[in-house]
Amino acid sequence: MAQAEAIPHNRPLITPADRAAVDAVLASGWIAQGPEVLALEASFDALYGGGGSCALSSGTAALFLALKTLGMGPGKRVAVPTYACSALLNAVYMAGAEPWIADVEAEDFNIDPGAVERAAGGRKPDAIIAVHSYGARADVAALKAVGGAVIEDCCQSLGGAADGGNIGNDGDAAVFSFYATKIVACGHGGLMRDPDGRLADAARDYREFDQRESYEERFNLHMSDIEAAMARSQMSRLGDLADRRRATAARYLESLPAGIDAAAGVGDAGRMVYRFVLRFADSETRDRARAALAARGIEVIVPLERYELLHRYLGLDPAEFPVAENIVDTTLSLPVFPALTDAQVDRICAALATLEC
Ligand SMILES: *Cc1c(COP(=O)(O)O)cnc(C)c1O
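Quantities reported herein were computed from a predicted structural model and do not represent experimental measurements.

### Considerations on the sheet that holds strand β9 (residues 276–279)
Spatially, three strands are ordered β8-β9-β10 in an open sheet, and the strand pairing comes out antiparallel. The open sheet has two edge strands with one neighbour each: β8 (261–262) and β10 (331–334). The sheet contact formed by β8 and β9 spans two bridges and is antiparallel. For Asp261, the partnering residue across the bridge sits in β9 and is Arg279.

In structure tokens form, the structure reads like this:
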């Protein structure tokens with residue numbers, strides 16, 4: 001029997017409607033920031049029931065401007081989870097603030113409010129970046145109680161809702177990414193928003209660098225209308241994108257043999273399943289499962305490797321971050337992107353059923 005074609009870990013789902021939206025922009029002759037960007041911002045205000053949104057060139061730019069418009073700069077301390085991508089650290093440094101690295105919670109991989117307090121050594125952070133990791137809602141209320149402004153990083157939770165409404169309305173600001181691997185993917189792009197629109201207005205002022213009457217530090221962080229048209233086309237079927245991911249996750253949960261666990265909460269109603277993560281007892285079991293799935297042509301990844309942990313980049317003592325150090329040893333991420341065909345999902349389910357713990 002011929003070897004079945006390999007299933008990649010992630011691929012964007014680009015529909016004829018997405019292509020038509022891009023084509024319309026190309027035909028219009030207006031390809032830079034313009035009406036499509038405005039409409040994308042309006043679609044976020046509609047999703048969140050008001051506030052203000054500012055579309056930007058990337059999720060990192062959105063983090064940077066959330067920090068900047070909240071007044072984070074030299075002398076300010078920003079708590080960030082160690083289990084997160086380096087973009088968080090880049091944004092904090094770009095704003096000129098000082099990062100405080102905190103460990104995460106074992107269950108949902110989100111920043112641990114208790115660890116923020118420990119990292120702060122009795123002082124309050126000026127801001128906290130709360131990533132809703134892989135779609136799992138971070139406890140914004142508990143983080144607010146620690147002190148400081150809370151920036152919700154919704155790059156992996158756009159389209160997630162359930163109890164408490166859409167994720168991203170509880171903090172002082174929220175940021176999103178439209179990078180190629182994200183839930184809504186148009187190449188590059190990002191957006192920051194806040195519930196009353198004051199920060200979004202300040203971000204817009206920073207973004208509009210050209211032909212201003214007075215000079216202030218501003219920067220070209222524009223998203224183009226080509227990108228925005230593609231993002232907007234996908235935003236219009238965000239519910240379908242979320243449903244498809246959830247339906248695939250439900251199939252995987254049914255297929256897992258006893259003794260092999262998925263990350264907590266991945267089957268919860270309304271949950272965005274950005275990643276479907278398996279948890280293993282130790283790295284040997286995890287590596288065996290990874291090899292078994294790879295042998296069946298299924299590309300699985302360790303969603304974040306040890307060397308990527310932010311405390312490792314900064315040379316901090318790993319013993320202070322035991323939870324994140326354990327997560328990188330015991331996790332695997334399965335393909336769960338909406339472009340997976342039913343036949344591919346069936347193949348992954350069949351492979352999961354053969355896993356040994
Ligand atoms: C992707 C991502 C970012 C950065 O977004 P870019 O658009 O790649 O700059 C930030 N935070 C999280 C949690 C992300 O997943």
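Read on, since the account is not over.
### A few points about the packing of helix α9 (residues 238–255) against helix α13 (residues 342–353)
As a packed pair, α9 and α13 sit with axes 8 Å apart at the nearest point and diverge in direction by 25 degrees. Taken together, the axes of α9 and α13 lie roughly parallel to each other. The two elements α9 and α13 cross, and the hand of that crossing is right-handed. Residues Arg244, Thr248, Arg251, Tyr252 and Ser255 of α9 form the contact with α13, whose participating residues are Asp342, Val345, Asp346, Ile348, Cys349, Leu352 and Ala353. Taken together, the residues that form the contact of α9 with α13 break down as six nonpolar, two polar and four charged.

### Quick look at the pattern of salt bridges
In this structure the tally under the stated criterion is 18 salt bridges. The salt bridge partner of Arg244 is Asp342, with a shortest N-O separation of 3.0 Å. Separated by 98 residues along the polypeptide, Arg244 in helix α9 and Asp342 in helix α13 bring together distant segments of the chain. For the salt bridge of Arg251 with Asp346, the shortest nitrogen-to-oxygen distance reads 3.0 Å.

### Digging into the site of the ligand
Around the ligand there are 14 residues in total, and Gly59, Thr60, Asp153, Ser177 and Lys182 lie nearest to it. At 2.7 Å from a nitrogen atom of the ligand is found a side-chain nitrogen or oxygen belonging to Asp153. Here an oxygen atom of the ligand sits 3.0 Å away from a polar atom, N or O, in the side chain of Gln156. Isolated, the ligand exposes 380 Å² of accessible area, and the fraction of that covered by the protein chains is 87%. Mapped by element, the contributors of at least two residues to the shell around the ligand are α3 (59–69) and α4 (86–95). Each residue belonging to the shell around the ligand can be placed in one class, and the counts come to six nonpolar, six polar and two charged.

### Some thoughts on the packing of helix α1 (residues 16–28) against helix α8 (residues 225–235)
Packing of α1 against α8 leaves a shortest axis separation of 8 Å and a crossing angle of 150 degrees. In terms of orientation, α1 lies roughly antiparallel with respect to α8. Handedness of the crossing formed by α1 with α8: right-handed. Residue-level inspection shows Ala17, Asp18, Ala21, Val22, Val25 and Leu26 of α1 in contact with α8, the latter providing Asp225, Ile226, Ala229, Met230, Ser233 and Gln234. Of the residues belonging to the contact of α1 with α8, the class tally is eight nonpolar, two polar and two charged.

Definitions and cut-offs
- Residues numbered from 1 in each chain as written.
- Predicted model: local features only at pLDDT ≥ 70, side-chain atom pairs only at ≥ 80, totals over all residues.
- Heavy atoms only, no water.
- Pairing = 2+ DSSP bridges.
- Helix = DSSP H or I, 4+ residues; strand = E, 2+ residues; numbered from the N terminus.
- Axes fitted to C-alpha atoms, helices over the stretch in contact; angles between N-to-C directions.
- Parallel < 35°, antiparallel > 145°, perpendicular 65-115°, else oblique.
- Left-handed = near helix turned anticlockwise from the far one by under 90°.
- Contact = heavy atoms within 4.5 Å.
- Nonpolar A, V, L, I, M, F, W, Y, C, P; charged D, E, K, R; others polar.
- Salt bridge = Lys/Arg side-chain N within 4 Å of Asp/Glu carboxyl O.
- Near = heavy atom within 4 Å.
- Polar contact = N/O pair within 3.5 Å; in protein donor to acceptor, adjacent residues only side chain to side chain.
- Areas by Shrake-Rupley, 256 points an atom, 1.4 Å probe, with all protein chains shown as cover.

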